[in-house]
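Residues per chain, in single letters:
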Amino acid sequence: MPEQTELPPTQQKRNLRFWFLCAGGGLCAVAAASAVAGWMAVSHVNLGPFVGRRATAMLGRPVSVETVSITPGRWVKLALSGVKVANIPGGSQPDMVQVGKLEAEVKLSSLLHGPMLVRHVAGEGIHVLVERTPDRQPNWRFDTHGLPGVQSEKPPAPRPAPAAITLPSQVVPDDRSAYPTALDVVFRNSDVTYRTAHGSSFRTTLNTVTLQTQSATTPVKLVVDGAYNGQPVQLTVNMQSFDALRHTHTPYGMVVQGQSGDLKFTFDGTATDPVNADGLSGKITADTPTSRPLMTIAGMALPQDIPLHMEGQFTHAGNFWSLTQGKGMVKNNALSITLAELDEGTRGQPDRVKADIAFDHLNLNDFLGKEGASNPASTDMVLDVSQNPDPLIDAHLSAKGVTYNIYHFSDASLTAAVTPGVMAVKNLSLAYLGATMTASGQIAAADQGKAHVQGAVALTKVDIDRFRRALGFQAVPLQGQVDMQMTASATQHTVNAVVQQADIAAAVAMTNGALDRKIIRAASADLRMLFHTPQGTTPVSCLLGVVSSHGGVGQAVPLRIKTAEGTLSANARFDLNRRWFDLTFGSQGKTTGRFALDIPVQVSGSFSNPHIGLARWSADGRAMLAQSERLNALPAGVKQFAQRNACYRAIAQ
């Protein structure tokens with residue numbers, strides 16, 4: 001047997017390296033084959049239970065998934081069905097999210113080098129409940145243990161004052177830096193329901209939702225065909241790119257165009273937290289010839305069509321909503337909105353509304369009258385005061401002109417507040433027939449659906465001639481302007497009923513006017529009237545009367561008119577419902593001349609056709625003329641007004 005020759009050391013090292021390389025290559029080949037085989041086998045494995053467990057661990061909330069399938073490739077295909085994400089404790093339903101079917105393709109390389117890129121996203125039967133529990137805990141915050149792109153759930157922070165959240169930039173957005181890019185998305189037969197802490201639900205039905213973009217750097221277009229609270233709505237939203245979306249602290253631009261029935265609206269602005277539709281700021285417009293779609297969305301009903309056009313600067317930050325720099329038209333009534341704010345209430349508390357709105361001319365008959373009604377005198381306003389109003393309101397309304405019923409007012413201003421059981425009128429002022437009225441008071445809830453109205457009213461510069469023409473009086477011998485201070489109260493159901501049935505105590509005063517000389521002579525039964533009739537007027541140095549009425553029926557007792565030619569004392573009864581009055585007046589003997597008999601005169605009858613004659617000469621008549629106790633019975637504010645008049649001392653003596 002031939003003797004084997006030992007290889008040189010160098011050759012032995014080469015052979016050893018060769019065998020190591022072969023072994024290593026074999027192992028790599030086996031590993032690669034195993035990986036390929038495993039990767040290909042993934043598409044035949046249901047990963048639903050595994051994904052459910054992992055999602056539960058990451059979200060800190062129970063998640064169940066019936067099926068999950070993955071198809072490998074350069075674009076990894078993902079399909080899942082039967083997904084349920086549990087709601088938070090105290091939620092109104094067990095599940096926050098339910099997904100019937102969802103499919104998507106994810107670019108494999110984006111899983112390694114993010115942000116993730118997806119395409120061909122298709123979903124159906126997706127139901128989302130977004131709500132705040134009664135203690136205002138939001139269910140859309142998850143305990144993600146630091147998972148990027150999602151904000152962890154936190155206990156509700158104390159609610160800041162409205163002034164502290166007026167700027168949308170103060171909304172702290174979720175971290176959007178890792179949000180994926182979706183090239184094309186289609187959802188069908190889905191819905192999103194928002195439920196407030198008070199239990200009110202607002203359901204958005206999504207028949208079809210499509211989202212399209214060419215790449216992460218190109219604009220995004222979102223189209224929605226659905227309904228809101230049963231009212232059909234179509235939206236087209238043109239947004240900035242996904243790259244811009246991932247800049248968390250930069251407001252994200254968008255233009256929203258929507259239509260619902262005859263309502264068309266737009267929003268052109270930005271959002272600091274677009275995923276949660278929060279931190280909104282921009283211009284908003286709305287047009288509708290009927291307002292019915294708008295009221296349906298708001299859950300309200302209208303007795304008539306109200307054409308509406310509105311535009312202004314809109315902001316939404318957390319619980320705070322506002323519209324400023326607004327202007328528009330409501331049923332041919334032009335208006336401007338300096339401020340309109342809504343601050344959502346905390347647990348068990350009502351929302352709060354603050355507004356400052358000015359009208360050019362406000363025709364209340366357009367809103368309060370019946371549709372098609374031709375008689376403005378039928379216009380009325382129901383006094384409905386809630387014991388638990390929601391929202392609470394603090395508002396200032398003004399108008400250059402106001403039409404109500406058959407009346408036309410100017411320079412109207414109202415500052416009022418709605419609180420539980422009370423509507424407080426802090427200030428009401430308006431002008432009518434050259435006179436100015438200011439008032440304050442309140443409207444409080446009463447039994448049987450009525451309201452108790454009480455207030456103090458001041459009238460200044462009431463021109464006697466203008467008002468008597470408006471009331472249908474014949475010409476009166478007194479000229480000039482009077483001022484009035486009064487209190488009024490009534491418990492009724494409507495404004496017109498309050499006006500007709502109110503209890504009124506008032507003082508009427510004049511410090512500069514004129515009285516027909518014939519009245520002085522006639523009231524004093526001056527014998528000189530037999531020879532000639534005096535012409536012209538005599539100045540009135542003071543006039544003071546005390547008026548009381550109930551249900552439009554009342555009296556003016558006493559009434560004193562002081563002139564240079566004599567002083568008249570009078571009393572009057574009236575019935576505004578029958579348009580009837582009875583006036584008795586006479587002169588004070590010590591203020592008239594020696595030819596005066598001082599016999600009282602009576603004027604009575606209808607406003608338009610009174611009769612004049614001598615009053616009954618009786619102790620009762622004299623006592624009525626001399627009556628003064630009414631001055632002591634006046635309310636404090638009215639009495640102080642009367643005391644400033646020079647005739648007060650003469651009557652009170």
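Residues numbered from 1 in each chain as written. Predicted model: local features only at pLDDT ≥ 70, side-chain atom pairs only at ≥ 80, totals over all residues. Heavy atoms only, no water.

### Here's the deal with the overall build of the chain
Here is the rule: In DSSP terms, a helix is any run of H or I states spanning at least four residues, a strand is any run of E spanning at least two, and both are numbered starting from the N terminus. Type-normalised accessible area, obtained with a 1.4 Å probe on protein chains alone, sets the label of each residue: buried when under 20%, exposed when over 50%, and partly exposed for intermediate values. In this analysis, two residues are considered to be in contact whenever any of their non-hydrogen atoms come within 4.5 Å of each other. To measure how exposed things are, a 1.4 Å probe is used in the Shrake-Rupley method; for residues, cover is taken only from the protein chains shown.
Secondary structure summary: the chain contains 13 helices and 30 strands in total. Sorting the 653 residues of the chain into buried and exposed places 39% on the buried side. Contacts in the chain between residues far apart in sequence, at least 24 positions, make up 50% of those at least 6 positions apart. By element, 59% of the accessible surface of the chain is carried by carbon and sulfur atoms, the whole surface being about 35,200 Å².

### Section: the pattern of salt bridges
Note the cut-off: Every case where a carboxyl oxygen of Asp or Glu lies within 4 Å of a side-chain nitrogen of Lys or Arg is listed as a salt bridge.
Evaluation of the coordinates by the stated rule reveals 11 salt bridges. Taking the shortest distance from any N to any O, the salt bridge between Glu105 and Arg119 comes out at 2.7 Å. In this pair, Glu105 sits in strand E3 (residues 95-107) while Arg119 sits in strand E4 (residues 117-131), placing the two residues 14 residues apart along the sequence. The buried category is assigned to Glu105, whose relative accessible area is 12%. For Arg119, a relative accessible area of 24% gives the class partly exposed. Across the pair Lys426 and Asp394 runs a salt bridge whose closest N-O atoms are separated by 3.6 Å. Here Asp394 lies in strand E17 (residues 392-404) and Lys426 lies in strand E19 (residues 422-432), a separation of 32 residues in the sequence. Among the charged side chains, a network of salt bridges with common partners joins Asp465, Arg468 and Arg469.

### A look at a nonpolar patch on the surface
To keep it simple, the criterion reads: Residues with no salt bridge and a relative accessible area higher than 30% make up the patches, which join like charges within 9 Å and nonpolar side chains (Val, Leu, Ile, Met, Phe, Trp, Tyr) within 5 Å.
On the surface, a nonpolar cluster with roughly 380 Å² of combined accessible area is contributed by Leu108, Leu111, Leu112 and Met116. If you trace the backbone, Leu108 turns up in helix H3 (residues 108-113).

### Details of the pairing of strand E7 (residues 201-212)
For clarity, the threshold we go by: For two strands to count as paired, DSSP must find a minimum of two bridges between them.
As paired elements, strand E6 (residues 184-195) and E7 share 11 bridges and run antiparallel to each other. When the sheet's bridge partners are listed, Val192 is paired in E7 with Thr204. Between E6 and E7, which pair antiparallel in sequence order, lie five residues; one of them, Gly199, sits at a positive phi of approximately 100 degrees. Of the strand pairs in this sheet, E7 and strand E8 (residues 220-228) are connected by eight bridges, and their pairing is antiparallel. Looking across to E8, one finds that Leu211 is bridged to Leu222.

### Side note on the pairing of strand E25 (residues 537-550)
Counting buried positions along E25 gives 10 out of 14 residues, so the element sits mostly inside the fold. Where strand E24 (residues 513-516) meets E25, four bridges bridge the pair, whose relative direction is antiparallel. Across the sheet, the residue bridging to Ala514 is Pro539, located in E25. Relative to strand E26 (residues 553-563), E25 runs antiparallel, the two sharing nine bridges. Of the residues in E26, the one forming a bridge with His550 is Val553. Linking E25 to E26, which pair antiparallel, is a turn of two residues; within it Gly551 sits at a positive phi near 60 degrees.

### Points about the packing of aromatic side chains
To keep things clear, this is the line we draw: Aromatic pairs are defined between Phe, Tyr and Trp rings, using the six-membered ring for Trp, whenever the two ring centres lie within 6.5 Å; interplanar angles under 30 degrees are classed as stacked, those over 60 as edge-to-face, and all others as tilted.
Tallying each qualifying case throughout the model produces seven aromatic pairs. Note on Phe267 and Phe314: the rings are 6.3 Å apart at their centroids and 90 degrees apart in plane angle, and the pair reads as edge-to-face. On the criterion of sequence distance, the pair formed by Phe267 in strand E11 (residues 263-273) and Phe314 in strand E13 (residues 308-317) is long-range, its members being 47 residues apart. For Phe314, a relative accessible area of 15% translates into the label buried. Ring geometry for Tyr432 versus Phe467: centroids 5.8 Å apart, planes at 85 degrees, classification edge-to-face. Taken as a pair, Tyr432 in strand E19 and Phe467 in helix H7 (residues 464-471) lie far apart in primary sequence, 35 residues in all. For Tyr432, a relative accessible area of 21% translates into the label partly exposed. Three or more aromatic residues joined by ring pairs form one cluster here, namely Tyr407, Phe409, Tyr432 and Phe467.

### Thoughts on the confidence of the model for the chain
What counts here: You can read pLDDT as the predictor saying how much it trusts each residue, on a scale of 0 to 100.
Put simply, the chain has an average pLDDT of 80, and 77% of its residues get 70 or more. Confidence drops under pLDDT 50 across residues 145-170; counting only partners more than four residues distant or on other chains, this segment forms 54 contacts. In the predicted structure, residues 526-531 sits below a pLDDT of 50 and forms 11 contacts with residues beyond four places in sequence or in another chain.

### Focus: the state of the cysteines
Note the following rule: Sulfur atoms of two cysteines make up a disulfide when they are within 2.5 Å.
Counted under the stated rule, the structure contains one disulfide. Paired through a disulfide, Cys542 and Cys647 show a sulfur-sulfur distance of 1.9 Å. The S-S bond linking Cys542 to Cys647 shows a torsion near 85 degrees; that makes this disulfide right-handed. A residue pair is termed long-range when its members are at least 10 positions apart, and Cys542 in strand E25 and Cys647 in helix H13 (residues 647-652) qualify at 105 residues. Of the two residues, Cys542 and Cys647, both sit in the buried class.

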